Amino acid sequence: MPRLVSHPDEVKVVSKRFGQGAANIDKYIELGGYEAIRKCLAQGPDWVIEEMKASNLRGRGGAGFPTGMKWSFVPKQSAKPKYVLINGDESEPGTCKDHLIFLHDPHSVIEGTIIAGLAIGSKMGFIYLRGEYRYLLEIMEKAVADAYAKGFLGKNIFGTDTEFQIITQSGAGAYEVGEESALMESLEGKRGVPRIKPPFPAVVGLYGGPTVINNAETIATVPHVINMGGTAFAAIGSPRNGGTRLFGISGHIERPGVYELPMGYNLKKMIYDVAGGVRGGRTLKAVVPGGSSTPVLLPEEIENLGMDFDQVGKAGSMLGSGGVVVIDDQTCIVEFALRTISFYQHESCGWCIPCREGTDWLKKSLTRFHAGFGTAKDIDNIRYLAENMMGRTFCPLGDAAAMPTLGFVKKFRKEFEDHLDGKPCPFAKHGAPELTIV
Amino acid sequence: MTAETMSIFSPKVAARFDALVEKYPVRRSALVPMLLYAQDEIGYLSDAVIAEVAQRIGITELDVRNVATYYSMLRFKPAGKYNVQVCTNISCMLRGAYDVFEKFQEELGIGHKGVTSDGVFSLEEVECIGACCWAPAIQVNYDFHDDLTPESVSGILAQYRQKSEGQNNA
């Protein structure tokens, strides 16, 4: 069972019901649940969108797109039905925040989905969970059934004329399906390959209808925004980055876990104060700030770094999914880079050549390099290969593979050079990593 | 086709599939979950599974195979009764996942994608399973086990071995 953690610096908004049995619908209601949707039904869609815009809530999946704006892009009139699609295909290495939301507060996801539906004029929402999250899917399915039984979902929700249905869906193992257009393909019963954009999902999405796609954490945040008011929510965070965020801290850290902290919270403080510092009193070597696709940061780069989309972007990386991976000084960065790229090579759907071939050659090059058979030229070839993947694919998976690779080569060139000329890896206790995944 | 007379699935699963295809605006949206639930019951996507799923959705078997081969959880040959999936991705790797994976290989006498001769266990090295903050973590079928060390391995295996024997004797 995932362990819950806490720290005095936390501001519990999204996580405030964690550990309190709120998967039970009556408990959820007792803790203030399903109040936000009632308010929204009374106030109407335009008010909801204005509150969302005022909240400065930005997409928690990684792209950081303002949620209110995303909802406002959906055309008011549409010949085809409109849909809300919740992305719970949480698969970015280093990320396990949605896991806790589904486990502890499934009704917040349902309530947020109904609110999104009301805002855009949709009658149907889908909640898609990765296939590995079967026990969480069962929790969500029960929560949805309970919401139907109470009349919170169905033809006349909360005794009004408004209709809203929710369907839960299971994936079957594919990182790529976390990309919004691939997610729609998967939900339509196809291979999860991305669609070319434009048209964007807000215009042509699921089954060809206008579709809003939100991350599970984003949608679980929505009822809280409504309850506290958009402006109050925005005030918790930093400029243009409203509210709090569930930061998952993992790797070589004393107290790993998911902590809810205000946007803009200092990364160094997060590692040393909140999560207890590097495990075993070792020295920090590097930090991956927002899931494995985000470029690595050095200790000197996190000194004054506030964890929001803009500040981390300015520091040359990304806030991404908020999965902070801490790396100590006993770690081989070449091995870490290889394990990172092996994942993207495994998950590339093969649709776009720069991604399919690029990830494969990066893995091959890094495997050889780590085994001590690299040449000086390889270092520049790895960089060149990664640079040429950037921006040349339909979906961001190619970038997700190239960006961290570029970061490792650029910031740890010396360590790459230490592997040259048949020298054994100075760190790895296993020799070459096993990486049997094919 | 009536589910009662021709289905290779249990009446319960067949009834579930009857409902599933009607649930969505478009019938084939049921395809991916249906394949996974079919695998849960039969053990893998056999030719018979593919044929029945294709018929239920109303698409060709080739179309079903085309989709099924995309998803890493779907398999085309049997795994063990308990499929041990060890995550070795970065957060798990940093906390000793390869030692845990090695220990499983040692205890079971099989490697990546191997199945024990009694068919009770299979082993797989898998990508991130979304338990990074409780690493290293594994899944046995759909059950999560986290905060592992190599020392936890034999206990976990014993637990499932016991479960398997209990079912055989029942």
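Because the structure is a prediction, the values reported are computed rather than measured.

A tally of regular secondary structure across chain A gives 17 helices and 10 strands. Computed over C-alpha atoms, the radius of gyration of chain A comes to 22 Å, within 12% of the 22 Å expected from 2.2 N^0.38 for 438 residues, which places it in the range of a compact globule. With the principal axes as the frame, chain A shows a C-alpha extent of 75 × 45 × 35 Å. Split by element, the accessible area of chain A, about 15,400 Å² in all, is 55% carbon and sulfur. Of note, chain A has its 48 positive side-chain charges centred 2 Å away from the centre of its 49 negative side-chain charges.

Take the environment of B:Pro25 next. Here B:Pro25 shows up in the loop between helix H2 (11–23) and helix H3 (31–42). By relative accessible area, B:Pro25 is classed as partly exposed at 39%. What B:Pro25 contacts, discounting residues up to four positions off in sequence, is A:Tyr83, A:Met124, A:Phe126 and A:Tyr207.

Glancing now at helix H7 (residues 134–149) of chain A. Residue and element names in this part refer to chain A. Under the 1.5 Å per step criterion, the end-to-end length of H7 is 23 Å for 16 residues, consistent within 8% with the ideal 22 Å. Within H7, burial applies to Arg134, Leu136, Leu137, Met140, Ala143, Val144, Asp146 and Ala147. A positive backbone phi angle near 80° is found at glycine 151, which sits one or two residues after H7.

With that out of the way, let us pick up the domain arrangement of chain B. The domain boundaries assigned to chain B delineate domain 1 (11–68) and domain 2 (82–169). Taken over C-alpha atoms, the centre of domain 1 of chain B sits 28 Å from the centre of domain 2 of chain B.

Below, the discussion takes up the pairing of strand S1 (residues 82–87) of chain B. Side-chain direction in a regular strand flips from residue to residue, so the side chains alternate between the two faces of the sheet. Residue and element names in this part refer to chain B. Most of S1 is tucked away: 6 of the 6 residues are buried. With 6 bridges joining them, S1 and strand S2 (residues 121–126) adopt parallel strand pairing. Within S2, the position partnered with cysteine 87 by the bridge is valine 126.

On to the sheet that holds strand S10 (residues 323–328) of chain A, then. Residue and element names in this part refer to chain A. Strands sit in the order S6-S5-S10-S8 across an open sheet of 4 strands; the sheet is mixed. Each end of this open sheet is capped by a strand with a single partner; those strands are strand S6 (257–262) and strand S8 (284–288). The sheet shows a mean angle of 30° between the axes of neighbouring strands, direction not considered. As judged from the 4 bridges shared by S8 and S10, these two strands associate in the antiparallel manner. Looking across to S10, one finds that alanine 286 is bridged to isoleucine 327.

Let's shift gears to the pairing of strand S5 (residues 244–251) of chain A. All names here are of chain A. Extensive coverage of S5 is indicated by the burial of 8 of its 8 residues. Here S5 shows no split at all, with Thr244, Leu246, Gly248 and Ser250 on one side and Arg245, Phe247, Ile249 and Gly251 on the other all buried. Sheet topology note: the S5/S6 ladder contains 6 bridges and is antiparallel. Its bridge partner being in S6, leucine 246 is matched across the sheet by glutamate 260. As consecutive antiparallel partners, S5 and S6 are separated by 5 residues. Taken together, the 4 bridges between S5 and S10 define a ladder with parallel strand orientation. Along S10, the bridge assignment pairs glycine 251 with valine 326.

Turning our attention to the pattern of salt bridges. For the coordinates displayed, the defined rule picks out 42 salt bridges over all chains. A salt bridge links A:Asp98 to A:Lys97, with the shortest nitrogen-to-oxygen separation between them at 2.9 Å. The residues A:Asp98 and A:Lys97 share a single accessibility class, namely buried. The salt bridge partner of B:Arg28 is B:Asp63, with a shortest N-O separation of 3.0 Å. Taken together, the residues span a long stretch of sequence, with B:Arg28 in the loop between H2 and H3 and B:Asp63 in helix H5 (residues 61–68) at a distance of 35 residues. Taken together, the shared-partner salt bridges in this structure form one network comprising A:Asp380, A:Arg383, A:Glu387, A:Arg413 and A:Glu417.

Parameters at a glance
Residues numbered from 1 in each chain as written. Chains lettered and ligands numbered in written order. Predicted model: local features only at pLDDT ≥ 70, side-chain atom pairs only at ≥ 80, totals over all residues. Heavy atoms only, no water. Helix = DSSP H or I, 4+ residues; strand = E, 2+ residues; numbered from the N terminus. Rg over C-alpha atoms; globule rule 2.2 N^0.38 Å. Areas by Shrake-Rupley, 256 points an atom, 1.4 Å probe, with all protein chains shown as cover. Lys, Arg positive; Asp, Glu negative; His and termini not counted. Charge placed at Lys NZ, Arg CZ, Asp CG, Glu CD. Buried < 20%, exposed > 50% of the residue type's maximum accessible area, 1.4 Å probe, protein only. Contact = heavy atoms within 4.5 Å. Expected span 1.5 Å × (residues − 1). Domains from an automatic or database assignment. Pairing = 2+ DSSP bridges. Axes fitted to C-alpha atoms, helices over the stretch in contact; angles between N-to-C directions. Salt bridge = Lys/Arg side-chain N within 4 Å of Asp/Glu carboxyl O.

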